[in-house]
Amino acid sequence: MSANQFPAGFLWGGAVAAHQLEGGWQADGKGISVADVMTAGAYGVPREITKGVLPGKNYPNHEAIDFYSHYKEDVKLFAEMGFKCFRTSIAWTRIFPNGDDANPNEAGLKFYDDLFDECLKYGIEPVITLAHFEMPYHLVEAYGGFANRKCIDFFVKFAVTCFKRYKDKVKYWMTFNEIDNQSSFNNDFLMCTNSGLLLDNELDNEAQMFQAAHYELVASALAVKEGKKINPDFMIGTMINYTPVYPATSNPEDVLLAQRVDQRRNWFSDVQVWGYYPAGIEAYITKKGFRPDITAEDRIVLSEGTVDYVGFSYYQSMSVSSQKVSVDQLTDPHEAQVENPNLKASDWGWPIDPVGLRYSLNLLTDRYHLPLFIVENGLGAVDEVQADGSIHDPYRIDYLRAHIQEVKKAVLEDGVDLMGYTPWGCIDLVSAGTGQMSKRYGFIYVDKDDEGNGTLARSRKDSFYWYQKVIKTNGADLA
Ligand code: P53
């Protein structure tokens with residue numbers, strides 16, 4: 001190993017989620033998920049969450065890029081890039097179409113057997129998220145999503161079914177995708193995708209969030225406990241959207257506020273890693289007068305089902321100012337946010353901050369003392385296809401290079417224990433936040449537009465060849 005390379009066995013790869021690429025929303029017995037009732041939005045235009053699937057609406061996840069039929073071709077392209085791992089999720093509704101079914105759907109289980117076999121054939125290790133924004137819609141309608149304790153059992157049954165079926169094919173798991181995104185408890189989209197909550201203005205959104213999140217944390221811990229019995233070699237991680245919080249100035253009020261926003265965003269993984277609630281969150285829940293149903297037995301489960309590693313997505317940092325809200329008035333962390341004048345933003349307004357990734361890797365190492373795994377990072381951008389079919393995406397290469405350079409310093413100089421790096425949307429797919437196809441992240445272009453037109457043909461962007469070289473040299477050559 002040269003001093004300029006990543007450690008041997010470093011898991012280079014790419015990441016996606018079932019609902020954003022598979023399509024086949026009703027294929028082979030699949031049920032309707034929360035993603036199937038979300039229409040297409042745009043930058044600044046939220047996706048509508050409809051009451052069931054309504055005629056005449058554009059639901060981009062129904063077909064997505066039809067990975068369900070194209071997966072062999074796509075995995076072959078991942079292998080050509082040299083992927084060591086591939087992160088995807090298992091659509092809960094392929095396995096339990098309604099969520100509360102007595103028995104799993106064999107055709108759904110079979111699809112993932114075939115997909116994982118196809119990966120393993122090329123030496124690509126599957127990295128699997130159990131719940132990535134695709135809860136069965138029936139659980140939302142009939143039970144109120146994770147506001148209901150019964151959903152713990154439904155999730156654990158789903159998890160155990162997957163663990164048993166794929167125990168010899170999958171080693172790396174994550175329970176809930178970006179479980180901490182619910183800290184934005186006034187955001188309809190994030191609450192529905194994460195916990196199946198349809199916000200009801202009669203109730204306190206924040207109180208509902210604490211309850212739903214608690215049940216998810218218990219479900220996650222139970223899944224970890226059960227998973228370890230099924231295969232002690234499993235590595236089961238948390239998955240958070242890590243967003244480092246900066247004070248807008250060196251004014252101590254801003255510094256204190258930044259710390260508070262960080263506490264309010266990051267207690268989810270604290271519980272999953274430490275096995276107990278941090279004191280600041282216990283105090284806050286008490287101060288607000290919330291009375292979530294947290295039993296003594298739950299607390300034991302949390303302490304027994306801690307995770308093995310910290311998986312996280314990194315897209316951006318956030319800056320906060322006490323001129324917007326004081327520490328003691330803070331509720332929704334995003335109300336404190338201000339623009340950071342030091343950073344440029346993507347076309348979708350996401351600040352670009354590679355140094356923030358090195359900072360995050362160091363912070364998470366100090367906080368958790370566990371191996372880390374960057375399971376999402378990337379730039380959503382518009383790509384243009386040239387007359388000869390080529391796609392030149394230097395902006396994407398620049399973004400990834402700058403981030404990998406910082407990761408390299410964290411690993412080679414700062415002592416961070418990093419398992420791997422899987423850029424988001426390694427093949428173009430439906431954006432979660434906007435439902436657009438035009439917000440592209442891929443190394444592989446897919447011919448489809450926001451209205452759903454296109455041949456679905458796949459082609460290699462310039463970044464495809466660049467990333468292939470990065471993997472081949474184990475991170476030595478980033479040029
Ligand atoms: P998109 C924000 C909003 C929605 C999902 O996002 C998000 C985030 C990032 O904090 O999370 C992840 O597609 C998510 C993926 C998603 C990706 O970010 O809105 O895990 O499902 O596609 C990128 O550009």
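This text goes with the structure placed above it.
What counts and what doesn't
- Residues numbered from 1 in each chain as written.
- Predicted model: local features only at pLDDT ≥ 70, side-chain atom pairs only at ≥ 80, totals over all residues.
- Heavy atoms only, no water.
- Core = buried A, V, L, I, M, F, W, Y, C linked by side-chain atoms within 4.5 Å.
- Buried < 20%, exposed > 50% of the residue type's maximum accessible area, 1.4 Å probe, protein only.
- Helix = DSSP H or I, 4+ residues; strand = E, 2+ residues; numbered from the N terminus.
- Contact = heavy atoms within 4.5 Å.
- Polar contact = N/O pair within 3.5 Å; in protein donor to acceptor, adjacent residues only side chain to side chain.
- Near = heavy atom within 4 Å.
- Areas by Shrake-Rupley, 256 points an atom, 1.4 Å probe, with all protein chains shown as cover.
- Nonpolar A, V, L, I, M, F, W, Y, C, P; charged D, E, K, R; others polar.
- Axes fitted to C-alpha atoms, helices over the stretch in contact; angles between N-to-C directions.
- Parallel < 35°, antiparallel > 145°, perpendicular 65-115°, else oblique.
- Left-handed = near helix turned anticlockwise from the far one by under 90°.
- Pairing = 2+ DSSP bridges.
- Salt bridge = Lys/Arg side-chain N within 4 Å of Asp/Glu carboxyl O.

Colleague: What should I look at first to understand the nonpolar core in this one?
Modeller: Looking at soluble globular proteins, one finds that nonpolar side chains tend to be buried together. With 134 residues, the main nonpolar core has F78, F155 and W173 as its most contacted residues. Element by element, the count of residues in this core is highest for helix 8 (residues 205-230), at 11 residues. Those residues in contact with F78, other than ones at most four positions away along the chain, are F67, F83, F86, I124, C426, I427 and I444.

Colleague: Hey, could you run me through the side chain of D262 in this one?
Modeller: Inspection of the secondary structure assignment puts D262 in helix 9 (residues 252-274). Engagement of the side chain of D262 in a polar contact is seen with the side chain of R367, the distance being 2.8 Å. With near-sequence residues (within four places) excluded, D262 lies in contact with Y242, V245 and R367.

Colleague: I'm lost on the site of the ligand in this one. Help?
Modeller: As a matter of local geometry, the ligand sits amid 17 residues, with Q20, E178, E376, K439 and Y441 nearest to it. E376 has a polar side-chain atom sitting 2.7 Å from an oxygen atom of the ligand. Between the ligand and the protein, one listed contact pairs an oxygen atom with a backbone N or O atom of G433 at 2.8 Å. Isolated, the ligand exposes 480 Å² of accessible area, and the fraction of that covered by the protein chains is 93%. Classifying every residue of the shell around the ligand gives 7 nonpolar, 7 polar and 3 charged.

Colleague: Can you help me understand the packing of helix 8 against helix 11 (residues 296-304) in this one?
Modeller: For any two helices packed against each other, the geometry is given by the interaxial angle and the distance between the axes. At a minimum axis distance of 8 Å, the contact between helix 8 and helix 11 shows a crossing angle of 50°. By the angle between their axes, helix 8 is oblique relative to helix 11. Judged by the twist between their axes, the crossing of helix 8 over helix 11 is left-handed. When helix 8 is examined against helix 11, the residues H214, L217, V218, A221, L222 and K225 are found in contact with a partner set consisting of D298, V301, L302 and E304.

Colleague: How should I be thinking about the sheet that holds strand 8 (residues 318-320) in this particular structure?
Modeller: Remark on secondary structure: sheet strands pair via backbone hydrogen bonds, oriented parallel or antiparallel. Here we have 3 strands laid out as an open sheet, ordered 6-8-9, and mixed in their pairing. In this open sheet, the two edge strands, each paired with only one partner strand, are strand 6 (245-247) and strand 9 (337-338). Sheet topology note: the strand 8/strand 9 ladder contains 2 bridges and is antiparallel. Across the sheet, S319 pairs through a bridge with V338, a residue of strand 9. Sitting on the sheet, helix 9 touches strand 6 and strand 8, and the angle it makes with strand 6 is about 165°.

Colleague: It is not clear to me how unusual backbone geometry should be interpreted in this structure. Could you clarify?
Modeller: One can expect most non-glycine residues to show negative phi and most peptide bonds to be in trans. A positive phi angle, near 50°, is found at D28, a position not held by glycine. On the secondary structure map, D28 appears in the loop between helix 1 (18-21) and helix 2 (67-81). A residue is classified by how much of its surface remains accessible, and D28, at 47% relative accessible area, is partly exposed. Residues other than glycine seldom take positive phi values, yet N474 does so here, at roughly 50°. As for its position among the elements, N474 is in the segment after helix 14 (462-472).

Colleague: Help me out: how do you make sense of the pattern of salt bridges in this one?
Modeller: Close approach of charged atoms lets side chains of opposite charge pair. For the structure shown, the criterion picks out 34 salt bridges. Residues E80 and R460 are paired through a salt bridge, measuring 2.8 Å at the closest nitrogen-oxygen approach. Separated by 380 residues along the polypeptide, E80 in helix 2 and R460 in strand 13 (residues 458-460) bring together distant segments of the chain. Accessibility expressed as a relative area gives 34% for R460, which makes it partly exposed. Residue R396 is joined to D393 by a salt bridge in which the shortest nitrogen-to-oxygen separation is 2.8 Å. Given the relative accessible area of 1%, R396 is considered buried. Judged by relative accessible area, D393 falls into the buried class, the value being 0%. Among the charged side chains, a network of salt bridges with common partners joins D383, D393, R396, D428, R440 and K461.

Colleague: What am I meant to see in the sheet that holds strand 4 (residues 172-176) here?
Modeller: Spatial strand order, 1-2-3-4-5-7-10-11: 8 strands in a closed barrel with parallel pairing. Across the sheet, the mean angle from the axis of one strand to that of its neighbour is 30°, orientation sign disregarded. Here strand 5 (residues 235-241) runs beside strand 7 (residues 309-313); their pairing, made up of 5 bridges, is parallel. Looking at the pairing, M239 lines up with G311 of strand 7. Contacts from helix 9 reach strand 4, strand 5 and strand 7, with the element oriented near 170° to strand 5. Here helix 13 (residues 394-412) sits on the sheet and contacts strand 1 (11-15), strand 10 (372-376) and strand 11 (418-421); the angle it forms with strand 11, its principal contact strand, is near 170°.

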